[in-house]
Every structure is written in C-alpha cells, then in structure tokens.
Amino acid sequence: MTRCESLETVRQWGLKPPKTLTIAITAACNLACQHCWVEAGLLPVSAHVPTRSLMRIIKEFAALGGEGLRITGGEPLCHPHVLNILQSSRALGFKAIILQTNAMLLKDEHLTALHELEFPGLSIQVSLDGATADTHDLVRGKGAFDGALSGLVKLVQYGLAGRITLFLTEMRHNLEDIPALLEFAERMGISSFNSGALVQCGRAVGDTAAVPPDSAQYLKLLERYDTDPRFRELYRKIGRIAALEWRTGETVRHEHCTFVENPYLTPSGVLYPCLLCHTGDFSVSGVFDKGFAAALAEGAPAWSSLLQISRSRTDTINECHDCPLKPCCGGGCMGRAWGSRGDLVAADDRCEVRQAIYRYGCNCRY
Ligand code: SF4
Ligand code: SF4
Ligand code: SF4
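Basis of the calculations
Residues numbered from 1 in each chain as written. Chains lettered and ligands numbered in written order. Predicted model: local features only at pLDDT ≥ 70, side-chain atom pairs only at ≥ 80, totals over all residues. Heavy atoms only, no water. Helix = DSSP H or I, 4+ residues; strand = E, 2+ residues; numbered from the N terminus. Rg over C-alpha atoms; globule rule 2.2 N^0.38 Å. Buried < 20%, exposed > 50% of the residue type's maximum accessible area, 1.4 Å probe, protein only. Contact = heavy atoms within 4.5 Å. Areas by Shrake-Rupley, 256 points an atom, 1.4 Å probe, with all protein chains shown as cover. Lys, Arg positive; Asp, Glu negative; His and termini not counted. Charge placed at Lys NZ, Arg CZ, Asp CG, Glu CD. Near = heavy atom within 4 Å. Nonpolar A, V, L, I, M, F, W, Y, C, P; charged D, E, K, R; others polar. Phe/Tyr/Trp six-rings, centres within 6.5 Å; stacked < 30°, edge-to-face > 60°. Lys NZ or Arg CZ within 6 Å of the ring centre and 35° of its normal. Arc of directions from axis to C-beta. Polar contact = N/O pair within 3.5 Å; in protein donor to acceptor, adjacent residues only side chain to side chain. Pairing = 2+ DSSP bridges. Axes fitted to C-alpha atoms, helices over the stretch in contact; angles between N-to-C directions. Parallel < 35°, antiparallel > 145°, perpendicular 65-115°, else oblique. Core = buried A, V, L, I, M, F, W, Y, C linked by side-chain atoms within 4.5 Å.

**Things to note about the overall build of the protein**
Argument step 1. Along the protein, the regular secondary structure elements total 15 helices and nine strands.
Argument step 2. Here the C-alpha atoms of the protein give a radius of gyration of 20 Å, agreeing with the 21 Å that 2.2 N^0.38 yields for 366 residues.
Argument step 3. Counting all 366 residues of the protein, 54% fall into the buried class.
Argument step 4. For the protein, long-range pairs separated by at least 24 residues make up 72% of all intrachain contacts whose partners lie at least 6 apart in sequence.
Argument step 5. Element-wise, carbon and sulfur atoms account for 51% of the exposed surface of the protein, whose accessible area totals about 15700 Å².
Argument step 6. Where the 37 positive side-chain charges of the protein centre and where its 39 negative ones centre are 4 Å apart.

**What to know about the environment of Met188**
Argument step 1. Its place among the elements puts Met188 in helix H7 (residues 178-188).
Argument step 2. For Met188, the contacting residues outside a window of four places in its chain are Leu152, Val153, Val156 and Ala161.

**Quick look at the site of ligand 3**
Argument step 1. Lining the immediate environment of ligand 3, one finds Glu319, Cys320, Cys323, Leu325, Lys326, Cys329, Gly331, Cys351, Arg354 and Gln355.
Argument step 2. When residues of the shell around ligand 3 are traced back to their parent elements, those giving at least two are helix H13 (326-329) and helix H15 (351-361).
Argument step 3. With three residues, the single largest contributor to the shell around ligand 3 is H15.
Argument step 4. Tallied by class, the residues present in the shell around ligand 3 amount to five nonpolar, two polar and three charged.

**Topic: the packing of aromatic side chains**
Argument step 1. Summed over the entire model, instances satisfying the criterion amount to seven aromatic pairs.
Argument step 2. Seen from their ring centres, Phe61 and Phe94 are 5.6 Å apart, and the 25° between their planes marks the pair as stacked. A residue pair is termed long-range when its members are at least 10 positions apart, and Phe61 in helix H2 (residues 51-63) and Phe94 in the loop between helix H3 (82-90) and strand E3 (96-101) qualify at 33 residues. The same class applies to Phe61 as to Phe94, namely buried.
Argument step 3. On the numbers, 6.3 Å between centres and 85° between planes, the contact of Tyr225 with Phe231 is edge-to-face. You'll find Tyr225 and Phe231 in the same group, each marked buried.
Argument step 4. Clustering of aromatic rings is evident, with ring pairs tying together Trp37, Tyr264 and Tyr272.
Argument step 5. The residue whose ring lies beneath Arg224 is Phe231, and the NZ or CZ to ring-centre distance is 5.9 Å.

**Thoughts on the side chain of Ser192**
Argument step 1. Along the chain, Ser192 turns up in strand E6 (residues 192-197).
Argument step 2. The residues contacting Ser192, other than those within four sequence positions of it, are Ile164, Thr165, Leu166 and Ile238.

**Topic: helix H9 (residues 229-238)**
Argument step 1. Those residues of H9 not exposed but buried are Phe231, Leu234, Tyr235 and Ile238. What you see down the axis of H9 is that its buried residues fit within an arc of 100°, all on one side. Away from the buried face of H9 by more than 90 degrees, exposed residues Pro229, Arg236 and Lys237 are located.
Argument step 2. The residue sitting at the N-terminus of H9 and contributing the capping side-chain oxygen is Asp228; that oxygen lies 3.0 Å from the backbone nitrogen of Arg230.

**Quick look at the site of ligand 1**
Argument step 1. Cys29, Leu31, Ala32, Cys33, Cys36, Ala40, Gly74, Asn102, Arg140 and Arg203 make up every residue found near ligand 1.
Argument step 2. For the shell around ligand 1, a count of residues per class yields six nonpolar, two polar and two charged.

**Some remarks on the sheet that holds strand E5 (residues 164-170)**
Argument step 1. In space, the nine strands of this open sheet follow the order E7-E6-E5-E4-E3-E2-E1-E8-E9, with mixed pairing throughout. This sheet does not close on itself; its edge strands, each paired only once, are strand E7 (239-240) and strand E9 (271-272).
Argument step 2. As judged from the five bridges shared by E3 and strand E4 (residues 122-127), these two strands associate in the parallel manner. Considered in E4, the bridge of Leu99 is made with Ile124.
Argument step 3. Here H7 sits on the sheet in contact with E5, E6 and E7, set at roughly 170° to E5.

**Brief notes about the packing of helix H5 (residues 133-140) against helix H6 (residues 144-157)**
Argument step 1. Contact pair H5 / H6: the axes reach a minimum separation of 8 Å and the direction vectors enclose 110°. The pairing of H5 with H6 is recorded here as roughly perpendicular in orientation. Listed contacts from H6 to Ala133, His136, Asp137 and Arg140 of H5 are Ala144, Phe145 and Ala148.
Argument step 2. Residues belonging to the contact of H5 with H6 are distributed by class as follows: four nonpolar, one polar and two charged.

**Considering the nonpolar core**
Argument step 1. Ranked by size, the top nonpolar core spans 88 residues in total, and within it Leu114 and Leu166 carry the most contacts.
Argument step 2. Counting residues per element, this core draws most heavily on helix H12 (residues 292-316), at eight residues.

Read these as spatial facts, not as claims about activity.
Okay, here's the thing in structure tokens:
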C-alpha cells in the first residue's frame with residue numbers, strides 16, 4: 001500500500017486525511033491517578049514503545065501530510081528516548097508538536113533540549129488539576145502538586161513559559177479552582193489555560209474521587225464570568241473552557257465527527273479514529289507492524305460507517321428529537337457516549353450540562 005493509495009482510500013470512504021496524530025509513546029507513568037482513563041501507572045520497561053517503531057509511524061504520518069503530533073502516554077517523560085523522539089519529529093516539518101506531561105520528571109537535560117528545539121510550534125501541555133495541593137493531589141496522589149509546580153517553575157526559568165498550556169480535567173472537587181488557576185498562569189507568564197471534562201472510563205469509574213462537576217457548578221462558573229471583570233479578562237486572554245465557549249456560539253458544530261482528522265494510536269499499537277472513540281469494532285490493531293498508511297486503509301471502511309452513525313445520532317437518540325440545542329450540539333460526542341454509557345447512539349454524559357447552560361442563556365446563533 002503506497003501513501004497515495006492509502007490517502008485515496010481514506011477519501012473514497014468519505015473521510016478526511018489525518019491532520020493531528022495523538023501517539024502514546026509509553027503506557028507507563030510515575031503516577032497512577034484516580035481519573036486516568038488510560039489506566040497508566042508504574043510499569044516495566046516493556047511498556048515503552050520501541051523508538052524505532054514510533055519513528056517509523058511518525059515519519060509515515062508526516063509523509064502523508066500530517067501537520068500536528070501530540071506526544072502522550074502514560075507519562076511521555078518516562079520513555080528513555082523521549083528527547084530523541086521530539087528532536088527527530090521536529091526535523092520532519094510538523095507545524096505543531098504538543099508534549100503532554102505531568103511535569104514532575106522534568107530534568108535539566110529535558111529542559112535544555114526543549115529550549116534548544118527552538119520550535120515555535122512546540123506546546124507543552126502540563127496537567128494541573130487544582131490550584132492547591134488539596135485539590136490536585138486528591139486524584140493524583142500526595143506530592144504530585146509540588147512536583148508539577150516545581151516542573152512548571154523550571155520550564156519558566158528555561159524561557160518556556162510561552163510554550164506552556166495548563167490543562168485541568170474538570171471535576172466536582174476542582175471546578176471552583178479555575179479562577180485561581182488563571183491568576184496563577186498569568187503570574188507565571190503562561191500562555192494558555194485549557195480544560196476538558198472528565199472522561200468517565202478507565203480508572204475514572206466506580207469508587208473514585210474523580211466525579212464530573214454538576215450543572216449547578218457550571219452555572220456558577222458562568223455567573224462568575226458574567227459578574228467578575230478580572231476573571232473575564234484573564235479568561236479572554238488565555239482561557240478555553242468548553243462550557244464557557246458553548247455560550248458564545250464559537251464552537252457551533254456544522255458537522256459531526258471529523259474522522260479521521262485526529263487519530264489516536266495507543267502504546268499497544270491500536271489505532272482509533274479519534275482520541276475519545278475507543279470501540280474495539282472500529283479500531284485497527286498491530287499498527288506498529290502494519291505501518292500507518294496500511295492501517296489507515298484498513299480502518300477506512302469501518303470508520304466510514306462510524307461516521308454515518310455519528311451523523312444519524314440526533315435522529316436516533318430520543319432525548320435529542322425535540323431538543324432546541326440539536327443544531328449546535330449534534331447529540332454531543334459519540335466517543336463520550338460510548339465511554340460513559342457503552343452506547344454509540346445514546347446522549348453523551350454532558351447532555352444535562354449543555355441543557356442547563358442553554359437554559360441559563362446560550363448565545364449560540366444557528
Ligand atoms: S492521568 Fe496522566 S499523570 Fe495521571 S496516571 Fe494517567 S497518564 Fe499518568
Ligand atoms: S467521537 Fe467525539 S471526539 Fe471523536 S470525533 Fe466524534 S465528537 Fe470528536
Ligand atoms: S443537549 Fe442532549 S438532548 Fe440536546 S441535542 Fe445535545 S445530546 Fe441531544
């Protein structure tokens with residue numbers, strides 16, 4: 001299968017060629033967070049994907065016209081060759097490389113190498129699940145907050161503040177920390193703050209402190225945005241939170257899932273059509289042996305039918321039939337519906353929150 005044939009197959013099945021690949025370079029992590037949906041933790045060296053296998057895939061992806069590479073794990077810094085992977089990827093002409101990390105393992109050699117990459121497209125996404133040790137460590141474990149803070153301070157000292165994105169997983173116990181985190185980011189000169197709703201799968205189910213925020217908490221956040229000029233100013237400068245964006249209408253969806261623009265490759269070599277849709281029936285395994293182009297061509301027919309399911313969701317899901325949010329929500333995220341409910345044609349776990357925000361006063365113009 002040549003690269004051209006692979007892209008042709010993708011297009012013939014009505015799919016979009018891959019733009020940003022999320023690649024997990026290891027299943028290992030120095031933490032074992034309660035909300036970890038990939039269930040990473042302390043694992044033997046065999047949890048790291050061999051560098052040669054990774055670079056083969058990354059090179060193929062670049063040759064297919066890939067523009068962005070998101071390096072994740074587990075914790076990517078656990079991988080002994082993470083710097084080689086970053087440096088080699090930098091040379092492949094990507095517009096953006098995103099390194100997702102908990103920042104606890106950053107050593108001088110990492111910081112020097114990141115600095116010397118001199119890559120305007122580099123983004124270092126540091127997970128910070130609270131503005132205090134109490135909130136952050138509740139799901140990440142004792143000492144995680146101090147470790148993350150120390151990593152952040154080092155990144156700033158190495159002149160990388162402008163490359164940092166703070167990332168918070170929205171949970172019941174930490175949503176109220178967002179204004180304080182924006183202040184913290186501003187003080188540190190950090191360029192952006194993003195958050196994403198807890199993904200309810202992996203370790204984030206069952207008996208865990210990782211619980212999604214409720215609608216009342218989101219409404220309180222919206223009220224804060226409406227009434228607190230300082231919060232609004234900082235948010236507009238560096239923030240991005242889906243619940244606040246929904247109100248502006250800037251995230252109005254004109255289409256459903258965008259397969260396979262943003263595929264996700266796990267450390268065990270399973271390729272999914274996006275980061276959140278992990279259904280075994282719609283995946284390709286053995287990708288490190290088959291290669292990326294061949295895997296794309298193999299997955300295209302299944303992903304095309306998944307796209308059809310995504311397009312029909314608002315007609316199929318009972319709750320959506322009379323919902324005024326239907327044109328902009330599109331039935332929510334099919335992957336989240338699968339993760340939280342095990343059903344591709346159920347409303348996702350954010351449905352209630354979206355409806356509450358709509359009732360509060362959504363400005364979405366559709
Ligand atoms: S959430 Fe991130 S830091 Fe925590 S165990 Fe999972 S991979 Fe590691
Ligand atoms: S399943 Fe969700 S994350 Fe994946 S493409 Fe569809 S809407 Fe996006
Ligand atoms: S808010 Fe809920 S009911 Fe309304 S369209 Fe979205 S998923 Fe369907």
